[in-house]
Amino acid sequence: MFNRQRKARVLFALSDVLLATLAFGAAYRTRIILHLEREFYLTIERKALVLGFSLLALVGIGLWLELYEKLDAGHPRLILRDAARQCTYSALFLVVFEYLLRLDLSRFFLTLFVTYEWVALLLFRLTAGRLVGVIRREFAGPHYVMVVGTGERACRLGEALERSVDYGVRLRGFLSDQQVEAPGEICLRASYLVRPIAELSAILRQHVIDEIIFAVESDRLSELEEYFLLCDEEGVRTRVAVDFFPHVNSTVSLDRLGATPLLTFSAAPYDEIRLLLKRAVDIVLAAASLVVLAPFMLAIAFFIKLTSPGPAIFRQVRCGLNGRRFRFYKFRSMCEDAEQLKASLAHLSTRQTAFKIPDDPRLTPLGRFLRRFSIDEWPQLWNVLRGDMSMVGPRPAVPNEVEQYQRWQRRRLRMRPGLTCLWAISGRDEVDFDTWMKMDMQYIDNWSLALDWKILLRTIPRVLSGRGAN
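Now for a description of the structure that goes with this document. (Residues numbered from 1 in each chain as written. Predicted model: local features only at pLDDT ≥ 70, side-chain atom pairs only at ≥ 80, totals over all residues. Heavy atoms only, no water.)

Side note on the overall build of the protein chain
For the record, the criterion: For the purposes of this entry, the term helix denotes a DSSP run of H or I that reaches at least four residues, the term strand denotes a run of E that reaches at least two, and both are numbered from the N terminus. Whether a residue is buried, partly exposed or exposed follows from its accessible area with a 1.4 Å probe, protein chains only, as a fraction of its type maximum: under 20%, in between, or over 50%, in that order. In this description, accessible areas are obtained by the Shrake-Rupley approach with a 1.4 Å probe, and a residue is regarded as covered only by the protein chains that are shown.
Each helix and strand in the protein chain was counted, giving 15 helices and 12 strands. Taking all 470 residues of the protein chain together, 44% fall into the buried category. Counting only carbon and sulfur atoms, one obtains 59% of the accessible surface of the protein chain, whose full area is about 25900 Å².

Structural data, given as structure tokens:
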């Protein structure tokens, strides 16, 4: 709380750097001392190159797996598993790095390095809980907080502050948002004196107060402006509890446009750095896949033209990020006049909003095969490369389906559509429409780069099996 978790995360990452450096040195000395048949020696430049890449890979994978968020609360079995995963993945990256640069490192040295690294990380993390307690209690000393407000919102905030004692937080008491009021008490785990806010200036002079949190009704904030200014002049940090809209589940942040502060509610991922990394992964994977699959795609296009009249590529307008229209590509798996036949077959659709017919009579024999193994989706790699789509995200819908969405379902448009998604690995076409929508919301609410990779890796066996495709 109050940035102490961030400090702990930084310290854990730095500890990984230190422990991995020690493991590297120990592995190198062990390999030299053993005097094996093949002579082994690394120049200072090569040592720095290998160690530097190893440290970047180790910390990067730790961030990707979100290990630094939970080191102090993990079960020993989870710590064992996570340390093994982190070391294994970083070792794989190091092997690829060595191969690309032709470093010709000793395999025994690499094995020693990864083993020592894993043991060191494991021993440290098994005792990290105690260390984090010390960090949270002692880093910069106790953090004294007072709450302005006496209502239910202020009491909930006070209870949360009491639970944060391990973070070094100390609740000093409450201030009434009224100018003059007889002293009273609020009883939580402990009893706290309630004083009128008019005494704030005297309280700041007489007591150590690091922070004031205003937990009052929104219409009272303008009347308390002089106390915000007082805290500003005294150098005391102020915060405002912004739960004015109790049913809003958005992430809340404060931005600034010029000199105007903006309170931001975001109901979809907005971390520009992580979204940029997601886009970079999309470009790399889409470009590599198009290069690898190009000969096969040409062959598929040839067979489509050979087995049924019409173009090999089917083009359709779909809705992308925030409802932007884009031209969507896929291999044609239906007869040439499939779109014209859609209205006459609408009564066979098994979904209310999305058009889906079991054993669709418009499918060609080759198209049925392409659909089963999702080969018809390969041209969408071009959409991914262009930025219309992502590798992972809610599937793009046609505009007339979007027009029928309920209001809560429209939030799925706030994420760039993808080639694969959460419901695609949980049943594909067997998933009903409501579950499909809810799983898209679940993906948006819990999105991370690690989740994207999990979905991608689980998509491969699902597609190869052909299960759940219609």
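Here the narrative resumes, following the displayed structure.
With respect to the state of the cysteines
Heads up, the condition is: For the purposes of this analysis, a disulfide is any pair of cysteine sulfur atoms at a distance within 2.5 Å.
Taken as a whole and assessed by the stated rule, the structure comprises zero disulfides. No disulfide involves C187; its sulfur sits 9.7 Å from the nearest other cysteine sulfur, which is in C155. Residue C187 is classed as exposed on the basis of its relative accessible area, which comes to 55%.

As for the packing of aromatic side chains
Cut-off, in case you're wondering: Aromatic rings from Phe, Tyr and Trp, taking only the six-membered ring of Trp, are treated as a pair when their centres fall within 6.5 Å; an angle between ring planes under 30 degrees marks them as stacked, one over 60 as edge-to-face, and anything in between as tilted.
If you walk through the whole model with that rule in mind, you get 13 aromatic pairs. Measuring from ring centre to ring centre gives 6.1 Å for F12 and F124, while their planes differ by 75°; the resulting arrangement is edge-to-face. Within this pair, whereas F12 is found in helix α1 (residues 4–34), its partner F124 is found in helix α4 (residues 107–126), the two being separated by 112 residues in sequence. Its relative accessible area of 2% is what places F12 among the buried residues.

Digging into helix α9 (residues 272–307)
Defined as follows: To estimate how far a helix should extend, the number of its residues minus one is multiplied by 1.5 Å. One fitted axis covers the seven residues ending at a residue, a second covers the seven starting there, and the bend at that residue is the angle between these axes. Two residues form a contact once any of their heavy atoms are found within 4.5 Å.
Between its terminal C-alpha atoms α9 stretches only 46 Å, short of the 52 Å expected from 36 residues at 1.5 Å a residue. For α9, the principal kink sits at L293 and spans about 55°; a proline, P295, occurs within the next four residues. Along α9, the residues that are buried comprise K278, R279, D282, A286, L290, L293, M297, I300, A301 and I304. Looking at the packing, one finds that the buried side of α9 touches β10 (325–331), α11 (365–372), α12 (380–386), β11 (390–392), α14 (433–445) and α15 (449–465).

Some points on the environment of L110
Summarising the element assignment, L110 is placed in helix α4. Accessibility expressed as a relative area gives 9% for L110, which makes it buried. Contact partners of L110, with chain neighbours within four places excluded, come to L94, V95, E98 and L105.

Comments concerning the environment of S54
Among the secondary structure elements, S54 is positioned in helix α2 (residues 44–64). Along the backbone, S54 and F97 are 43 residues apart, and their C-alpha atoms lie at a distance of 9.5 Å. Apart from residues lying up to four places away in sequence, S54 is in contact with L94 and F113.

Looking at unusual backbone geometry
Non-glycine residue R102 carries a positive phi angle of around 55°. As for its position among the elements, R102 is in the loop between α3 (76–101) and α4. We note that N322 has phi near 60°; this positive angle belongs to a residue other than glycine. Mapping N322 onto the fold places it in the loop between β9 (313–319) and β10.

A few points about α3
Between its first and last C-alpha, α3 extends 37 Å over 26 residues, near the 38 Å set by a 1.5 Å rise per residue. Listing the buried residues of α3 in full gives I79, D82, A83, Q86, C87, S90, A91, L94, F97 and E98.

Brief notes about the pairing of strand β4 (residues 191–196)
Stated precisely, the cut-off is as follows: When DSSP finds two or more bridges between a pair of strands, those strands are recorded as paired.
In β4, alternate side chains face the same way, and those of Y192, V194 and P196 are buried while those of S191, L193 and R195 on the opposite face are not. As paired strands, strand β2 (residues 169–176) and β4 are joined by three bridges and run parallel to one another. Among the inter-strand pairings, L175 is bridged to a residue of β4, identified as R195. Adjacent in sequence and paired antiparallel, strand β3 (residues 184–187) and β4 are bridged by three residues.

Digging into the pattern of salt bridges
Where side chains of opposite charge bring their charged atoms close, a pairing between them can arise. The following threshold applies: Criterion for a salt bridge: a side-chain nitrogen of Lys or Arg within 4 Å of a carboxyl oxygen of Asp or Glu.
Within the structure shown, the criterion is met by 18 salt bridges. The partner of D82 in a salt bridge is R81, with the nearest N and O atoms 2.9 Å apart. You can call D82 buried: its relative accessible area is 8%. Salt bridges linked by common partners bring R81, D82 and R85 together as one network.

Some details on the packing of α2 against α3
Rules: Note on method: axes are straight lines fitted to C-alpha atoms, helices fitted across the in-contact stretch only, with angles between N-to-C directions ranging 0 to 180 degrees. Relative orientations are named as follows: roughly parallel for angles under 35 degrees, roughly antiparallel for angles over 145 degrees, roughly perpendicular for angles from 65 to 115 degrees, and oblique for any other angle. Left-handed describes a crossing whose near helix is turned anticlockwise from the far helix by less than a right angle; the clockwise case is right-handed. Three categories are distinguished: nonpolar for Ala, Val, Leu, Ile, Met, Phe, Trp, Tyr, Cys and Pro, charged for Asp, Glu, Lys and Arg, and polar for the others, with Gly belonging to the last.
Relative to each other, α2 and α3 sit at 140°, their axes nearing to 9 Å. Between α2 and α3, the crossing angle belongs to the class labelled oblique. As α2 runs across α3, the sense of the crossing is right-handed. Residues L49, V50, F53, S54, A57, L58, I61, G62 and W64 of α2 lie in contact with α3, whose contacting residues are Q86, Y89, S90, F93, L94, F97 and L101. Here the residues of the contact of α2 with α3 sort into 12 nonpolar, four polar and no charged.

Here's the deal with the pairing of β2
Among the eight residues in β2, six count as buried, and that is most of the element. Note: strand β1 (residues 143–148) against β2, six bridges, orientation parallel. Residue pairing for β2: Y144 is matched across the bridge by R170.

With respect to the side chain of K278
The topology assignment puts K278 in helix α9. Residue K278 is classed as buried on the basis of its relative accessible area of 7%.

Considering the sheet that holds β1
Taken in spatial order, the six strands make up an open sheet running β3-β4-β2-β1-β5-β6, and their pairing is mixed. The outermost strands of the open sheet, each flanked by one partner alone, are β3 and β6 (237–240). Between one strand axis and the next, the sheet turns by 30° as a mean value, whatever way the strands run. Pairing analysis gives four bridges linking β3 to β4, with the strands arranged antiparallel.

Structural notes on the environment of R237
Note the threshold: The term polar contact refers here to a pair of N or O atoms within 3.5 Å; inside protein, the definition further demands a hydrogen-donor-capable atom paired with an acceptor-capable atom, and it admits residues adjacent in sequence only when both atoms are side-chain atoms.
Within the fold, R237 resides in strand β6. A residue is classified by how much of its surface remains accessible, and R237, at 34% relative accessible area, is partly exposed. C-alpha of R237 to C-alpha of V145: the two residues are 92 residues apart in sequence and 9.6 Å apart in space. Within polar-contact distance, the side chain of R237 engages the side chain of E211 at 2.9 Å.

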